[in-house]
Amino acid sequence: MTVPCPECGTAVPCPADATPGELVICDHCGVELEVVAVAPLKLQVFEEEEK
Ligand SMILES: [Zn+2]
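Thresholds, definitions, all that
- Residues numbered from 1 in each chain as written.
- Predicted model: local features only at pLDDT ≥ 70, side-chain atom pairs only at ≥ 80, totals over all residues.
- Core = buried A, V, L, I, M, F, W, Y, C linked by C-beta atoms within 7 Å.
- Buried ≥ 20, exposed ≤ 12 C-beta atoms within 10 Å, placed from the backbone.
- Contact = placed C-beta atoms within 7 Å.
- Pairing = 2+ DSSP bridges.
- Helix = DSSP H or I, 4+ residues; strand = E, 2+ residues; numbered from the N terminus.
- Axes fitted to C-alpha atoms, helices over the stretch in contact; angles between N-to-C directions.

A. Main features of the nonpolar core. Listed in full, the six residues of the largest apolar core are Cys 5, Val 12, Cys 26, Leu 33, Val 35 and Leu 43. Those residues in contact with Cys 5, other than ones at most four positions away along the chain, are Thr 10, Val 12, Cys 26, His 28, Cys 29, Val 31 and Leu 33.

B. The arrangement of the sheet that holds strand E4 (residues 32-38) in detail. Sheet architecture is open: three strands sit in the order E3-E4-E5, paired in antiparallel fashion. In this open sheet, the two edge strands, each paired with only one partner strand, are strand E3 (23-25) and strand E5 (41-45). Taking each pair of neighbouring strands and ignoring which way they run, the sheet shows an average axis angle of 40°. As paired elements, E4 and E5 share five bridges and run antiparallel to each other. For Val 35, the partnering residue across the bridge sits in E5 and is Leu 43.

Just geometry here; none of it tells us what the structure is for.
Printed below as a string of structure tokens:
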């Protein structure tokens with residue numbers, strides 16, 4: 001199962017049993033993506049808070 005990367009549009013492989021909060025990494029642009037919904041599967045860019 002794949003979901004388009006919100007950053008670059010590349011299909012990112014996602015585990016079928018992904019759960020909200022899980023992180024996947026886009027192989028194309030290297031961005032970290034957080035699973036925000038599972039039905040249907042939806043990803044958003046994970047923004048790490050750095051200080
Ligand atoms: Zn990407």
